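# Observations on the model geometry
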Amino acid sequence: MPKLRGHAWAIAVLLAAFALAPSFYGNHSVLFSMAAFVALAEGLNVLYGFTGYLPFGYVGFFGTGAYGASLAILAGTPPLLALLVGAAASVVLAALLTPLLRLSGAYFSIASLATAEAMRLIVSNPALTPLTKGPYGLNLQAAFHPHQSYWAMLVILALTLALVSYLRLSPFGLALQAVREDPVSAAMAGVPVVYARSAAWLLSAAVAGSVGGAFAWHLSVFYPQTVFSLSTSIFAIVFTLFGGAATLLGPATGAVLLYALYTAVGLSAPQYFQLIYGLLIVGLVLFLPYGLTSLLQRRGIHVP
Amino acid sequence: MCPEPLLEVRALSKSFGGLQALGGVNLSLAEGEILGLVGPNGSGKTTLINAVSGLLRPDKGEIRFGGRSLLGLHPHQRVHLGISRTFQSPKPFAGLSTLQNLEVAWRFGSGRRGPPPQEVLAALGLEKLARRDAASLNSAQQKKLDLARALATGPKLLLVDELGAGLNAAELSEMADFLGALAVQGVALLVVEHLLGFLDRLTKRLIVLNAGREIFEGDLQAAAQDPQVVAVFLGEGGA
Amino acid sequence: MFLLEYAVLAGILYGLYFSLIGIGLNLTFGVLKIVNLAHGDFLMLGGFLAYFLYSALGLSPLWAVPINLVLFVALGGLLYALLIPRLRQSRDPEMASFILFFGLSQAIEALAILAFGNNQRSLPAAAIGPGTISLFGQVFPLSWAAAGAAGLLSVLLLYLYLYHTRLGQATRAVMASREEAVASGLSVGRISALAFGIGLALAAIAGVFAPYLLGGISPNMGVAVTTTSFTVIVIGALGNPVGTVVGGLIYGLALMLMETYASSWATLLPYLLLVITLLIWPSGLLGRRLRSA
Ligand SMILES: Nc1ncnc2c1ncn2[C@@H]1O[C@H](COP(=O)(O)OP(=O)(O)OP(=O)(O)O)[C@@H](O)[C@H]1O
Ligand SMILES: [Mg+2]
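Here goes a summary of the coordinates provided. Source: prediction; values computed, not measured.

Next up on the list: the environment of Lys143(B). Residue and element names in this part refer to chain B. By the secondary structure assignment, Lys143 is in helix 5 (residues 139-152). By relative accessible area, which is 9% here, Lys143 ends up buried. Sequence separation between Lys143 and Thr86 is 57 residues; the distance between their C-alpha atoms is 8.1 Å. With residues up to four places along the chain from it excluded, the contact list for Lys143 reads Gln88, Pro90, Glu162, Leu163 and Ala165. A distance of 2.5 Å separates a polar side-chain atom of Lys143 from the backbone oxygen of Glu162.

Structure below.
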């Protein structure tokens, strides 16, 4: 139970920081994006950290959630309910894509990337303009409400952190890690391998979908390439790797530190960040493959 | 009158491409019984275990357990029915502690009805390693952990694939006593082993496989007299 | 009917070119068992070299072919020495190298944007030679034929290298089993470094024709090109460089038919084909089954 207390504290501190920050720091959209990236990194962690599947196309769920929620809002659904629609849209997409889990390693990653690109091309196809507004993007200004969408984002973040905590502390989380290490032995330990993996996959998609929905609501005007941008996947992956996958604090720490750095140096030249993050990935793989938290874990310290 | 055996394998066949790994194997095993399975390398012993545990689908034949057919059941469902196995080269769950390895098997394999993880660890002399990362165990310890994982699922039938390889004489004798005690508690054991002395301590009932076919059934002494068995093993030594 | 003939012939030319795009990736995969996710970015770099040869020095872009060959074999050797030995020590080298090359691809893309600006460049048709060429009564730009010929030639040369030279035979031995190749005393490191370099060079050479067949070169084209290459080799045969041609031709034909009959959806093709092929034949039409679930 001391572990549970550690997790509860960690979550409480993080949420309190995000709840209080708007009173001290004026740029709320930066705070919103940071919270969104913490949640996205944790959502990626649900899949990558606990099952070993690295979805390069994670942004596909983010974008699908954004479009699902926005189209629902445009159809007159109250925004909070629309976020659920966004999450549901992503879960449906993930369910359709469960056969991808038959692929392993690099094959899965590339296939997932391909599906995200395909989603972007489908959504932005001029032929679908009546449905998705094609390349022209969506405009939700009638529902624009930065305050509410910020709080909605924090609720999503809280649920996501609770989910990762659950995986970190529960037998189900252990079973997922067993499957990650060796699916055959895991099956022989009685773990329903396919079911366990699929559950992690759907949960991870639900996180990205609801974050995408909240993001679209907060932004209120966006284009297909805004919400299906590969760099969103890259950010989530870098944050997770940097902090340390399969922990609660790793991805969150990675997201907060690196996103703060990203904002501090300035958004004017995104290429510098692409360069830094690219090199950071290379460096991490070569020198710190298990992230910051592994520095503590190696000394026998339990990291929530 | 005779009660139905716990495990019944009939006319089991499996080919990989052109290679027949199993060519119509029959065997049956009752509760608390130990059956030794020997044969040269590549004779199909592991393939038989894979078929019973559900890791591969046989081409033909039937496997019945406790009176029901196992056809179409997933590996984990067979574990839930009480079939467990060890691996020739075990792969423990790295990143999880030894104890957590067993917790997974205990909760998911037996629904917490099997022997508690701490007890299994103690029974196999692994209790000092409970908190160690399973990946850091040496190979003899990994073999024991693999057996412990199988036991934590609370099996009625345990399929043991070359547990002896890599254990020293003292460990072997300990292991033989341990498996014998399991059988006394009613667990049925199918033991694949190259070390005949080890098998001899466990059971009088042996099946010899060669190229996927059963060529002998009986006790070790009789097997040593059987010209076909002798030819197969001498042939292997000479090859 | 006329349209169909055109689409089929164009599909074959494009198919040969797509073989060239994919073949280097397949060679690297076969020898090193890693997916070079920066493959498309090396193609982009090779394309820029051709572009600057023409626009700054007035030279034919075709000069970039030999220059790329030398330059990128050398670059490959260097990258190999820097990265691969350390990667091999990690717990899951396949996944580690995959992530690493993903990072490298991002870094190259960013550097290219900083150096060349974030816009598309193209070359005038005349740069590669004047006029058009007529094949079976259909008229195509000369550059298409040149790209098709380059594709065909590269596959043939790679085939000759792999099957009729000693170094190539050693390379195939490494492809078949790294362990056995080490055991039989081959200098596996050097052979792999060379194969990696050749893989990059083939990508860079394909880049020379990108202004014509891929509609231009831009720093951010890497991801799409890598996906296309991967699709081509997955349709063909993973780890069997010569089998790439099958994938290239199927892909080229499918693309041209789509462009002819359903053009607004043609960009979707590589992604759909990739996912479908991976799910149905995880190691390609000609490949042995590499992995089971
Ligand atoms: N998944 C597989 N695919 C192809 N061939 C296989 C497969 N599994 C086993 N085989 C082949 O089937 C034959 C029987 O293999 P098996 O592993 O059952 O032998 P074994 O009796 O356990 O041998 P050993 O004593 O070496 O463990 C061998 O020739 C082996 O190469
Ligand atoms: Mg065996």
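What follows concerns the packing of helix 1 (residues 2-24) of chain A against helix 2 (residues 28-51) of chain A. Residues and elements named next belong to chain A. Direction vectors running N to C along helix 1 and helix 2 enclose 165°, while the axes themselves pass 10 Å from each other. The pairing of helix 1 with helix 2 is recorded here as roughly antiparallel in orientation. Considering how the two elements wind past one another, helix 1 and helix 2 form a crossing that is left-handed. For the pair formed by helix 1 and helix 2, the contact residues are Leu14, Phe18, Ala21 and Pro22 on the first element and His28, Leu31, Met34, Ala35 and Val38 on the second. Along the lines of polarity and charge, the residues of the contact of helix 1 with helix 2 split into eight nonpolar, one polar and no charged.

A word on helix 4 (residues 79-96) of chain A. All names here are of chain A. A rise of 1.5 Å per residue sets the reference length of helix 4, with its 18 residues, at 26 Å; its end C-alpha atoms lie 26 Å apart and thus fit the reference within 8%. Among all positions in helix 4, only Pro79, Ala82, Leu83, Gly86, Ala87, Ser90, Leu93 and Ala94 are buried. The arc enclosing the buried residues of helix 4, seen along the axis, measures out at 150°, which places them on a common side. The outward face of helix 4, more than 90 degrees from its buried face, is lined by the exposed residues Leu84, Val92 and Leu96. Looking at the buried positions of helix 4, the neighbouring elements they touch are helix 3 (59-74), helix 5 (105-123), helix 7 (146-169) and helix 10 (193-219).

Right, let's talk about the packing of helix 8 (residues 171-181) of chain A against helix 3 (residues 98-110) of chain B for a bit. Packing of helix 8 of chain A against helix 3 of chain B leaves a shortest axis separation of 9 Å and a crossing angle of 110°. If you check the angle between helix 8 of chain A and helix 3 of chain B, you find them roughly perpendicular. Only Gln100(B), Glu103(B), Val104(B), Arg107(B) and Phe108(B) of helix 3 of chain B make contact with helix 8 of chain A, whose side of the interface consists of Pro171(A), Phe172(A), Leu174(A), Ala175(A) and Ala178(A). Partitioned by chemical class, the residues of the contact of helix 8 of chain A with helix 3 of chain B number seven nonpolar, one polar and two charged.

Residue and element names in this part refer to chain B. Only Thr46 (OG1) and Gln88 (OE1) from the protein reach the magnesium ion (ligand 2) as donors, at distances of 1.8 to 2.3 Å. Residue Thr46 is found in helix 1 (residues 45-53), and its partner Gln88 is found in the loop between strand 6 (83-85) and helix 3; the two are separated by 42 residues along the sequence. Judged by its relative accessible area of 24%, Thr46 falls in the partly exposed class. Of the residues examined, Gln88 reaches a relative accessible area of 36% and is grouped as partly exposed.

All right, on to the pattern of salt bridges then. All told, the structure shown has twelve salt bridges over all chains when counted by the stated rule. Where Arg120(A) meets Glu117(A), a salt bridge forms, and the shortest distance between an N and an O atom there is 2.9 Å. Of this pair, Arg120(A) and Glu117(A) are both found in helix 5, three residues apart, which corresponds to roughly one turn of the helix. Residue Arg120(A) is classed as partly exposed on the basis of its relative accessible area, which comes to 24%. For Arg201(B), the salt bridge identified is with Asp177(B), shortest N-O distance 2.8 Å. In this pair, Arg201(B) sits in helix 7 (residues 196-202) while Asp177(B) sits in helix 6 (residues 169-184), placing the two residues 24 residues apart along the sequence. Look at Asp177(B) and you get partly exposed, because its relative accessible area is 45%. Because the salt bridges share partners, they merge into one network encompassing Glu8(B), Arg10(B), Glu62(B) and Arg64(B).

Looking at where Ile99(C) falls in the secondary structure, it is placed in helix 4 (residues 93-116). Here Ile99(C) is in contact with Tyr48(A), Leu54(A), Leu241(A), Ile281(A) and Val285(A), once residues within four sequence places are set aside.

Within the structure shown, the criterion is met by three cavities of 30 Å³ or more. In this structure, the largest cavity spans a volume of roughly 80 Å³. Lining the largest cavity are Ile110(A), Leu113(A), Leu230(A), Leu37(C), Phe102(C), Ser105(C), Gln106(C), Val223(C), Thr226(C) and Thr227(C). For the lining of the largest cavity, the secondary-structure elements that each account for two or more residues are helix 5 of chain A together with helix 4 and helix 9 (222-235) of chain C. When its residues are assigned to classes, the lining of the largest cavity shows six nonpolar, four polar and no charged.

In this section: the site of ligand 1. Residue and element names in this part refer to chain B. In the vicinity of ligand 1, 14 residues are found, and the nearest of them are Gly42, Lys45, Thr46, Thr47 and Gln88. In this structure, Ser43 approaches ligand 1 through a main-chain N or O atom, which is 3.1 Å from an oxygen atom. Gly44 is positioned with one of its backbone polar atoms (N or O) 3.0 Å from an oxygen atom of ligand 1. When isolated, ligand 1 has an accessible area of 630 Å², and the protein chains bury 62% of it. Where the shell around ligand 1 is concerned, the elements lending two or more residues are strand 2 (19-29) and helix 1. With three residues, the top contributor of residues to the shell around ligand 1 is helix 1.

How each quantity is defined
- Residues numbered from 1 in each chain as written.
- Chains lettered and ligands numbered in written order.
- Predicted model: local features only at pLDDT ≥ 70, side-chain atom pairs only at ≥ 80, totals over all residues.
- Heavy atoms only, no water.
- Helix = DSSP H or I, 4+ residues; strand = E, 2+ residues; numbered from the N terminus.
- Buried < 20%, exposed > 50% of the residue type's maximum accessible area, 1.4 Å probe, protein only.
- Contact = heavy atoms within 4.5 Å.
- Polar contact = N/O pair within 3.5 Å; in protein donor to acceptor, adjacent residues only side chain to side chain.
- Axes fitted to C-alpha atoms, helices over the stretch in contact; angles between N-to-C directions.
- Parallel < 35°, antiparallel > 145°, perpendicular 65-115°, else oblique.
- Left-handed = near helix turned anticlockwise from the far one by under 90°.
- Nonpolar A, V, L, I, M, F, W, Y, C, P; charged D, E, K, R; others polar.
- Expected span 1.5 Å × (residues − 1).
- Arc of directions from axis to C-beta.
- Donors = N, O, S within 2.8 Å, 3.2 Å for Na, K, Ca; no water.
- Salt bridge = Lys/Arg side-chain N within 4 Å of Asp/Glu carboxyl O.
- 1 Å grid on protein atoms, 1.4 Å probe; cavity = no way out; pocket = protein on both sides within 12 Å on 5 of 7 lines; lining within 4 Å.
- Points joined across faces, edges and corners; volume = space filled by probe spheres on them.
- Near = heavy atom within 4 Å.
- Areas by Shrake-Rupley, 256 points an atom, 1.4 Å probe, with all protein chains shown as cover.

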